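# Coordinate analysis (summary)
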Amino acid sequence: GRVVFTRGVISGLEGPAVVLFETNSIDLERVKLFLSELSVIQLKMNNDIFNIFQLDPPSGTNSIKTTVIHPATQKIINKFTMKPSYFVTETPEMYQTITRPYILSHLDDHKWVYNILEGKAEQDRLVCQVKDEKEGFVLVADLKWDMTTVENMYCLAIVQRRDIYSIRDLNQSHLPMLRNLQETCLAAIKEKFGIPRSLIRVYFHYQPAYYHLHVHFAHMRYQAGAPVIGKSVAFNDVQQNIA
């Protein structure tokens, strides 16, 4: 695949680390180099009009984006460990007796989220911000996006409030915040990156990767940001359900 995760240690430092290797986006200039005489090409398969080659590109054109998480908690290690997935229909009773107690016991895992909200981290990836204790939020470019390849646009809007953990906590009182968040973020993405709202998916995840309410904004062509059945919930559907 395009992404590989591995567990290891860093020399001279205590505790395990998780390292993510990800191939970068391919732009037109790199494609030109791939097809130049500097590349080494070997035919692997031919069938009528279909040909598969092994192409080794020139040095410097096949860089790998590398993310290091250290020290990696057991929760982080578990997140990137291959394991079976199951489809579960969560009832309100299951949420109250199983999910919510789990959420409340893991709120100390959100330091990196609070760093963004407090302006201590990732400010170079800030797209827009509304400062308000109850209805504020920040929109940041996700680390998966290089902020250059428009078709891979992927941003996260993180609400300021710390007592809204997921879509399960939303009600009619939150509608003004949600509507303002959607309109403000879509306008900011259009202004900064030239992407119209008709090319942007807006959705939540449930269950989310972390329990602090956030909204996904992804370009329609960004395949990694495509909604997944059983996990993604359209933003407008959530608004309509609680209206």
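In this report, we go over the structure that sits alongside the text. (Residues numbered from 1 in each chain as written. Predicted model: local features only at pLDDT ≥ 70, side-chain atom pairs only at ≥ 80, totals over all residues. Heavy atoms only, no water.)

### Section: the sheet that holds strand β5 (residues 64–69)
Put simply, the test is: Only when DSSP finds a minimum of two bridges between them are two strands counted as paired. Counting from the N terminus, the helices are DSSP H or I runs at least four residues long and the strands are E runs at least two residues long. Angles here are taken between N-to-C directions and fall from 0 to 180 degrees, while the axes themselves are lines fitted to C-alpha atoms, restricted in helices to the stretch in contact.
Across the sheet, which stays open at both edges, the three strands sit in the order β1-β2-β5 with antiparallel pairing between neighbours. Where the open sheet ends on each side, the last strands, each with one partner, are β1 (3–9) and β5. For this sheet, the mean angle separating the axes of adjacent strands, direction not counted, is 20 degrees.

### Side note on helix α6 (residues 235–242)
Because each turn of an α-helix spans 3.6 residues, side chains separated by three or four positions in sequence point in the same direction. In plain terms, the rule: Buried, partly exposed and exposed residues are distinguished by accessible area as a fraction of the type maximum, computed with a 1.4 Å probe on protein chains only: under 20%, between the cut-offs, and over 50%, respectively. The directions from the helix axis to the C-beta atoms form the arc being described. Any pair of residues with heavy atoms lying within 4.5 Å of one another is described as a contacting pair.
Along α6, the residues that are buried comprise Phe235, Val238, Gln239 and Ile242. Seen along its axis, α6 keeps its buried residues to an arc of 100 degrees; they face one direction. Along α6, the residues that are exposed and aim more than 90 degrees away from the buried face are Gln240 and Asn241. On its buried side, α6 packs onto α5 (175–193), β9 (200–205), β10 (214–219) and β11 (232–234).

### Some details on the side chain of Glu90
This is how the line gets drawn: In protein, a polar contact means a hydrogen-donor-capable atom and an acceptor-capable atom, both N or O and within 3.5 Å, with residues adjacent in sequence counting only if both atoms are side-chain atoms; elsewhere, any N or O pair within 3.5 Å suffices.
As for its position among the elements, Glu90 is in the loop between α2 (74–79) and α3 (92–104). Accessibility expressed as a relative area gives 18% for Glu90, which makes it buried. Polar side-chain contacts of Glu90 include one of 2.5 Å to the side chain of Tyr206. Among the polar contacts listed, one links the side chain of Glu90 to the side chain of Gln207, at a separation of 3.1 Å. Filtering out sequence-adjacent residues up to four positions away, Glu90 remains in contact with Tyr95, Thr99, Arg168, Tyr206 and Gln207.

### Topic: the environment of Arg161
Inspection of the secondary structure puts Arg161 in the loop between β8 (154–159) and α5. Residues Arg161 and Val68 lie 93 residues apart in sequence; the distance between their C-alpha atoms is 28 Å. Residues in contact with Arg161, not counting those within four places in the same chain, are Glu133, Lys134, His174 and His212. A distance of 2.9 Å separates polar atoms of two side chains, one belonging to Arg161 and the other to Asp163.

### Here we look at the environment of Leu199
Looking at where Leu199 falls in the secondary structure, it is placed in the loop between α5 and β9. Leu199 gets classed as partly exposed once you look at its relative accessible area, which sits at 34%. On a C-alpha basis, the gap between Leu199 and Asn180 in space is 19 Å, while along the polypeptide they are 19 residues apart. Here Leu199 is in contact with Ala218, His219 and Met220, once residues within four sequence places are set aside.

### Quick look at empty space enclosed by the protein
The condition is simple: Using only the protein atoms, space was sampled on a 1 Å grid; points where a 1.4 Å probe fits but cannot get out form cavities, open sets with protein on both sides within 12 Å along at least five of seven lines form pockets, and lining residues are those with an atom within 4 Å of a point. Grid points are joined across faces, edges and corners, and a volume is the space filled by probe spheres set on the points. Put simply, Ala, Val, Leu, Ile, Met, Phe, Trp, Tyr, Cys and Pro go in the nonpolar bin, Asp, Glu, Lys and Arg in the charged bin, and everything else, Gly too, in the polar bin.
All told, the structure shown has one cavity of 30 Å³ or more when counted by the stated rule. Lining the largest cavity are Tyr165, Ser166, Ile167, Phe204, His205, Pro208, Leu213, His214 and His216. Among the secondary structure elements, those contributing two or more residues to the lining of the largest cavity are β9 and β10. In terms of residue class, the lining of the largest cavity is made up of five nonpolar, four polar and no charged.

### Topic: the sheet that holds β9
Here six strands make up an open sheet; going across it, the order is β6-β7-β8-β10-β9-β11 and the pairing antiparallel. Both outer strands of the open sheet, β6 (126–130) and β11, are each paired with one neighbouring strand and no more. Between one strand axis and the next, the sheet turns through 25 degrees on average, direction left out of account. Here β9 pairs with β11 via three bridges, running antiparallel. Paired with Phe204 across the two strands is Val233, which belongs to β11. Against the sheet, α5 makes contact with β6, β7 (137–141), β8, β9 and β10, and its axis sits at roughly 145 degrees relative to β6, the strand it touches most. Most of the contacts of α6 go to β11, to which it runs at about 65 degrees, and overall it touches β9, β10 and β11.

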